[in-house]
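# Architecture and fold: a report
Here is how the chains run, residue by residue.
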Amino acid sequence: MAAVAKKVDPTPVLLMCVEGGFEDRNETVRAAMVTAAVQWLDSDAVQGQLTQLLALLEKHLKGDNASDQLRLGCVACLGSLAGHLPADDERVRAALAQLFTALLTVNDVRVQESMATVAPRLMASLDDKKLDQELKRFEELVYNGDNPLHKRRGAALAVAAAVKGKGVALLKNAAISQRITDALDDRKRSARRQGALLLVRALHLLLGRLLEPYVVSWASSLMHCFSDPTREVRDAADECTRTLMAQLSPHGVKLTLPKLLEALVKEDSWRAKKAAVDMLSAMAFLAPRQLSECLPSLVPCLLDTLADAHPGVAGAAADALKRIAAVARAPDLQPLLPALLDALQQPDKTASALQGLMSTRLSQTLDAAALALLLPVLQRALADRSAETRKTAAQALAAVAGLTEARDLQAYLERLWTPLSGCLQDPAPEVRYASARSLRAMCACLGEAECRSILEWLKNKLCAEGVPVDRAGAAQGLAEMMAAVGPDKLITLVPSVVSAAGNANLPWTVRDGYLQLLVYMPAAFGATFADYLDASLAPILRGLADENECVRESAMLAAQRIIVLFADKAVQLLLPALEKGLVDSDNWRIRAASVQLLGDLLFRLAGVSGRGTTEAADEADTATPELSLEKLSDSLGPQRRDRIMAGLFIARQDLAPHVRSSAGHTWKSLVANTARVLRELLPALFPVLLEMLAADKERQELAERTLDELQRRLGDRVLPELLPLAEKALGHPKTKRAALAALTHALSTSKEYALALADRLLPPITTALADPDVEVRAAAALCLDPLQRAVGPRVAEECAHKLLALLAVKPDDECALDGLRQLLSGRAKVMLPSLLPALTTSPVRANALLVLAEVCKDALQRHLARLAPALVDAVRAKPDDVALCAQVLVLACGDEPRSGSQELLRVARPEAVTLLAAFLQRARPLDDIASELLPPLVHLLANEQQQAQEGAWEAIKALLAALSPPQLPPLATTLRHSLRNARAPLPGLCLLKRGVGCLLPALREALMNGDAEAREAAAAALGEAVRLSSPEALRPDVLNLTGPLIRALGDRLSPRARAAVLATLSSLLDRLGPALKPFLPQLQTSLLKAAIDPARNVRLQAAAALRGLTGLHPRPESLAAELCNALKSSTDAAIKHTVLWALRGAIEAAGDRLPAAARNTVSEVLKAALADADQDVTTMAAACVGAMAARADEDFLRNNILMLCDTSPDTPSSLAALAILIKDAPQRALAAGGDTLTQTLTSSIATSAWAVRALGFLLLAVDDDRLLALLAKQVSNTQDHVAIVAAGFVGPLARKAAADSSRKALVPALVNGTKERNQHVRAKCEMALVDLLALRGGDDTLQLVLPILDSGMKDSLKECVDKTLRRRAKDKQDQQDTLDPSVLSE
């Protein structure tokens, strides 16, 4: 009426309401009329008639006969009209006053609420003071329990109208909210609690969602009011909560519901629990959207509360469920609501509720309340112990999910998934299927995004370890959910599934899971999946050959499912793969699966039961074998049928028993007469066999078994048909090998057949032996075996000579060489006598010999005497073939390289040495013959031809390189002896860029890691090598030579080894000199340390090396200073003696480079040494003085020589110094000493051997007959040591003096000396006469001397010559160095 009244004249309408509606006998009609009038008058339609309408209402209000109902209705309408007046109009304030009065008077709740809705618009007429007064008045009325309920309710509505009119902030500003909170918590006065509830209800009624923040804070207090002892409070709480829930927003539900649920769980008081349940039950009055959001959390809590121990709580929960059921709007489900409530309260009635649900046809959408009651029942049923109940629940869930809105079902997804995931892993297949279908329905309802967590769980479970049933359930559920998403999902799903299922690097559980997915995807997607069959077959076929049994079973199920669902499509897609797997697969499991699946497919196409197969075990036969082949021909075509049947026949001979068994069963089910069918299949069978014969060994064996079976079935009829095909195949490169293999097998079966075909087949076989394909050559060689067994070795020899003829034209033809190798394999010993003469005759074909050596190693060893010269000739003819010839010799010698090396050493040609070097680079082992080969190889280094020298050098290098480090040290002794016997220079060690490099590795290893003997030998051998080589050749190896020698000095070597090392270093210093400057610091340290070594021979060698080092040293004074320090610190006379000898060598090597200060320092040290108690030390010190004086400046020389001459003649050290001075610098000594020097020597010569030596050294430098006569006189000196020294100088003087006067003076003295009693004197005199008379060169000098002698002396000389001198002439000539006893040697 209110809607229609806006379009008509308002006065008659209002008059109708006032005169009839407001006073109607029915209370509901009266309230509806007031509400309609208020809403109508609140619209803008009455703006033009406000005065008339106000007058009409005032008239009825002032009437004496107006009833209370009429007055209340008019007041409500007056308040609505006053809203259109200005706020400062007196009529507004009057209308508001009348409205307040009416609110407190009227007893009808709906009328009061209608009045309250118009009051907020009039609140603007009240000022703050008046507003405070009114609020205080109305609040007192609300909280006062003595007032009637309708008056308190009206006062509460008045307060709510004031808050709405002035704004919600008034709640806080006027402390209304705080007073409400205090009143709700007032446990003593129930009237205040009731009044607060009335006020909260009124506020929420007018403010709506604006009050929600306060309602959340009051929720706990409101809940306690449900359990209030006072009934009036409990009723007010129930009424308040209903009003709140009816207008609660979704956000308010989220804020309020958790607190109520928490109270339900944590509260210990049954009253509090009951209050929470009552408040939760009030949520049934929420708006539909809010109701759908809260029920998923609400109903489970209520179900748990049903089991509460207190009947009041349980009863409240039951009432709450009934209240929820009362608001359910699903018509189809209304008859089932009692059964569902019973099932919720009594779990044993779940099955009966499910039966009722399954018998009900659901066709309309289910609302939130219906779902809240239905889904918990299904959730419980999904976890039931009975498989039938679980299956029924899953089916019901699929039906329910199809009739539910997504937002309603989403809330239950997590709770339903827990039992549903268990059903997916159920052992019963029907339960898993029903569960997967329910997941599909839920995914179709919710969408893929909402089910993402379930999809992730299924994917993880799909690949997890565990029982296969779990992976199967996950695969089935995932397939159904993907199908619910839509066919477009296959575009991205299939590639990922195919990739994972076929990846052998992934764990087997992953492969099994994705293969399970391929089992269920065809059924889930239906015909849409047919487009993806081709991509899915590859992983399925690989899975059939997997090592894991679970993977194989899953792959088999997937293939069988494809055959069942897509039989026609499988012929196009699956059949080619099965054909390939039947014959070409290397894995027997793939072949077995291919046979089984092929049998299933053929049985389906042929209409045969194939009992015992996987898919047709219970079907009846529909065709005989003959008709079956005809049907297969119609379905597949004759050629394809024959090809498949040929593959089945080959599979019957498979090496795997399982493959043979399955293929035999399929063959027998389809073929009745095997021989007849085989004759028909021969054109299709032979090409397949040829391909297999050209494949790997396993397939070749399978082809041979098939040929044997063919021959057994068909007899000799198969050979005539095979030969033309094989000959034709020999003309095609791709089929040559297979044709040869087929011929080999066929010829092996019949010797007569091979004998008849020998001449026909020999030319193509010989051609095939030189074929570019290595496999063809091998097959041709094998094909000769049956021919050779039938005909004899003639066929092999003919082929070999033809190949040799081909090599004569094309020497580098690798194919012909390999063909020869294939031919000789296994036949070499038989063919060797006829082939070797041809191969070793010039021109020698080294490559052919290599082939022969490779295949008949042992047999060639007996022919080395013929083979070695031939190989040398080959090297001479073509030097580039030296490596090839060496390899031939290595193969011929085998593990005994001694015979080959000896044969080469017997061939006295440089090419033999070159070949020997190449042979030693390749031959092994060489440790047994190394010591035998080194001496002749070292000897070859002295060969006149450079090629031989270079070959020997390379041979030594190769020989030593072939040995392990522990095998090298023992060879040091051999090398030492071999090098010691060589004459310097050794040409092989003087080769530039080679030098001693061939010897260094072995000698260095022996020097560093050998035993004491090996180290000594290595050091000595290095010295010999340095002696035999040239400085130019040594220079590149100076680092490799010097470094190890210095390091060896730092090790604990034996004295003899250290001496040998030092001798080698001394030789290096002498020969290389400046090249060793980089090693000066190390050498100085090592040599100075060796100079004070306890062993004398070490010290002497160190002194010799120090002499050479001083000549290189830029600062020789430093070496002299170090030697002086060593002399000072030493207390051992023997060490002092050798240190002084080293110092003397340093002084001599330094020459005039020794500074004056250094000479003075050395002089001081030598003065101290001259006073030493040991005569050898003083003598050596005197020699050092003489050596230094001989090389000093004139002043130093003059001062020292005068000092020495003034010394008492009895002092041997002074005479020794003079002797060394005269020896080193005679002319300077004479110039500085003059007559004084001669007088000193003359006066001391009779008693001092050193004076004799000084005089002798002087006579060697100057000619003086007087002094010579004086020396000759000393030969007869009574002191033997003086006479011996005098006689020792006669020889050198005789070799120098050629004048007759000298001979005349010396001969008589020496002849008399030969008659002395002292044998040393006699010997010296005899040797002196031999030198003086030059008897080693003949008697010419003797004949010149005899005439100048008197007769007596002449006879004595002749007698002496005849008796002793001729014998003495054969002895070694004395050296001048032996005249100086201060020169030390070992």
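Criteria and cut-off values
- Residues numbered from 1 in each chain as written.
- Predicted model: local features only at pLDDT ≥ 70, side-chain atom pairs only at ≥ 80, totals over all residues.
- Heavy atoms only, no water.
- Helix = DSSP H or I, 4+ residues; strand = E, 2+ residues; numbered from the N terminus.
- Buried < 20%, exposed > 50% of the residue type's maximum accessible area, 1.4 Å probe, protein only.
- Contact = heavy atoms within 4.5 Å.
- Areas by Shrake-Rupley, 256 points an atom, 1.4 Å probe, with all protein chains shown as cover.
- Salt bridge = Lys/Arg side-chain N within 4 Å of Asp/Glu carboxyl O.
- Phe/Tyr/Trp six-rings, centres within 6.5 Å; stacked < 30°, edge-to-face > 60°.
- Expected span 1.5 Å × (residues − 1).
- Axes fitted to C-alpha atoms, helices over the stretch in contact; angles between N-to-C directions.
- Parallel < 35°, antiparallel > 145°, perpendicular 65-115°, else oblique.
- Nonpolar A, V, L, I, M, F, W, Y, C, P; charged D, E, K, R; others polar.
- Core = buried A, V, L, I, M, F, W, Y, C linked by side-chain atoms within 4.5 Å.
- pLDDT = per-residue confidence, 0-100.
- Patch = residues over 30% accessible without salt bridge, like charges linked within 9 Å, V, L, I, M, F, W, Y side chains within 5 Å.
- Lys, Arg positive; Asp, Glu negative; His and termini not counted.
- Charge placed at Lys NZ, Arg CZ, Asp CG, Glu CD.
- Bend = angle between axes of the 7 residues up to and from the residue.
- Polar contact = N/O pair within 3.5 Å; in protein donor to acceptor, adjacent residues only side chain to side chain.

### Topic: the overall build of the protein chain
- A tally of helices and strands in the protein chain yields 75 helices and zero strands.
- Looking at the 1386 residues of the protein chain, the share that counts as buried comes to 56%.
- For the protein chain, contacts bridging at least 24 residues in sequence account for 71% of all contacts bridging at least 6.
- In the structure as shown, the protein chain presents an accessible area of about 59000 Å², 51% of it carried by carbon and sulfur atoms.

### Re the pattern of salt bridges
- Under the criterion given, the structure shown has 31 salt bridges.
- Between R1058 and D1093 there is a salt bridge, with the nearest N and O atoms lying 3.0 Å from each other. In this pair, R1058 is assigned in helix α59 (residues 1055-1072) and D1093 in the loop between α60 (1080-1091) and α61 (1096-1112), connecting sequence segments 35 residues apart. Accessibility classification places R1058 together with D1093 in one group, the buried group.

### A look at the packing of aromatic side chains
- Overall, the coordinates contain three aromatic pairs when judged by the stated rule.
- An angle of 50° between the planes, with centres 5.6 Å apart, marks the rings of F649 and W667 as tilted. Within this pair, whereas F649 is found in helix α35 (residues 638-651), its partner W667 is found in helix α36 (residues 657-670), the two being separated by 18 residues in sequence.
- Judged by its relative accessible area of 0%, F649 is buried.
- Given a relative accessible area of 1%, W667 falls into the buried group.

### Focus: helix α49 (residues 882-893)
- Counted at 1.5 Å a residue, the expected span for α49 with its twelve residues is 16 Å, and the 16 Å between its end C-alpha atoms agrees.
- Across the twelve residues of α49, nine count as buried, placing the element largely inside the fold.
- Of the residues making up α49, those classed as buried are V882, C885, A886, V888, L889, V890, L891, A892 and C893.
- Note on α49: the residue one or two positions beyond its end, G894, has a positive phi of about 65°.

### Considerations on the packing of helix α48 (residues 864-877) against α49
- It is at 9 Å that the axes of α48 and α49 come closest, and there the two elements cross at 170°. Classed by the angle they form, the pair α48 and α49 counts as roughly antiparallel. Facing α48, whose interface residues are L864, L867, L871, A874 and V875, α49 presents V882, C885, V888, L889, A892 and C893.
- Along the lines of polarity and charge, the residues of the contact of α48 with α49 split into eleven nonpolar, no polar and no charged.

### Notes on the nonpolar core
- Ranked by size, the top nonpolar core spans 253 residues in total, and within it L920, L989, L1140 and L1357 carry the most contacts.
- When residues of this core are assigned to their parent elements, the largest contribution, eleven residues, is made by helix α65 (residues 1175-1191).
- Setting aside residues no more than four positions away along its own chain, L1357 makes contact with V1307, V1311, L1333, L1342, V1345, L1346 and L1349.
- Formed by 137 residues, the second largest nonpolar core is a distinct cluster that contains L375, M482, V510 and V688.

### Comments concerning the confidence of the model for the protein chain
- When pLDDT is averaged across the protein chain, the result is 78; 80% of the residues are at 70 or more.
- Note that residues 1-6 has pLDDT below 50 and, in this model, twelve contacts with residues that lie over four places away or in other chains.
- Ignoring residues within four places in sequence, the model shows residues 612-623, a span with pLDDT below 50, making 30 contacts including any to other chains.

### Quick word on a negative patch on the surface
- Taken together, the side chains of D895, E896, D927 and D928 define an acidic patch exposed on the protein surface.
- Among the secondary structure elements, D927 is positioned in the loop between α51 (910-922) and α52 (930-940).
- With a relative accessible area of 36%, D927 lands in the partly exposed category.

### Here we look at the environment of Q410
- For Q410, the position within the fold is in helix α23 (residues 406-410).
- The class of Q410 is partly exposed, set by a relative accessible area of 29%.
- As a C-alpha pair, Q410 and L446 span 36 residues in sequence and 6.8 Å in three-dimensional space.
- Apart from residues lying up to four places away in sequence, Q410 is in contact with L446 and E450.

### Thoughts on unusual backbone geometry
- For the peptide bond that leads from R924 to P925, omega is 0°, which places it in the cis range.
- Examined against the element boundaries, P925 turns out to sit in the loop between α51 and α52.
- Cis geometry is adopted by the peptide bond preceding P985, which originates at A984 and carries an omega value of -5°.
- Relative to the helices and strands, P985 resides in the loop between α54 (971-980) and α55 (1000-1009).
- Of note in the backbone geometry, A175 takes a positive phi value of approximately 60° without being a glycine.
- Considering the arrangement of structural elements, one finds A175 in the loop between α10 (170-173) and α11 (176-184).
- With a relative accessible area of 28%, A175 lands in the partly exposed category.
- Phi angles above zero are rare outside glycine, and A1334 is one such case at about 55°.
- Tracing the backbone shows A1334 in the loop between α73 (1319-1332) and α74 (1340-1345).
- A1334 sits in the partly exposed class, given a relative accessible area of 34%.

### A word on helix α75 (residues 1351-1368)
- End to end, α75 covers 24 Å across 18 residues, agreeing with the expected 26 Å (1.5 Å per residue, within 8%).
- Most pronounced at V1361, the bend in α75 amounts to some 50°.
- For α75, the full list of buried residues reads M1353, S1356, L1357, C1360, V1361, T1364 and L1365.

### Quick look at the environment of P687
- Take P687: it is sitting in helix α37 (residues 674-693).
- Under the relative-accessibility criterion, P687 is labelled partly exposed at 40%.
- For the pair formed by P687 and T735, sequence separation is 48 residues and the distance between their alpha carbons is 9.5 Å.

### A look at the environment of G792
- Relative to the helices and strands, G792 resides in the loop between α42 (774-791) and α43 (794-809).
- Taking relative accessible area as the criterion, G792 reaches 13% and is therefore assigned buried.
- Counting along the chain gives 37 residues from G792 to L755, while the straight-line C-alpha distance between them is 9.9 Å.

### Points about the side chain of T1314
- Positionally, T1314 belongs in the loop between α72 (1300-1313) and α73.
- Overall, T1314 belongs to the buried group, its relative accessible area being 13%.
- Here V1311 takes part through its backbone oxygen, which lies 2.4 Å from a polar atom of the side chain of T1314.
- Setting aside chain neighbours within four positions, we find T1314 in contact with R1322, C1325, E1326, L1329 and C1360.

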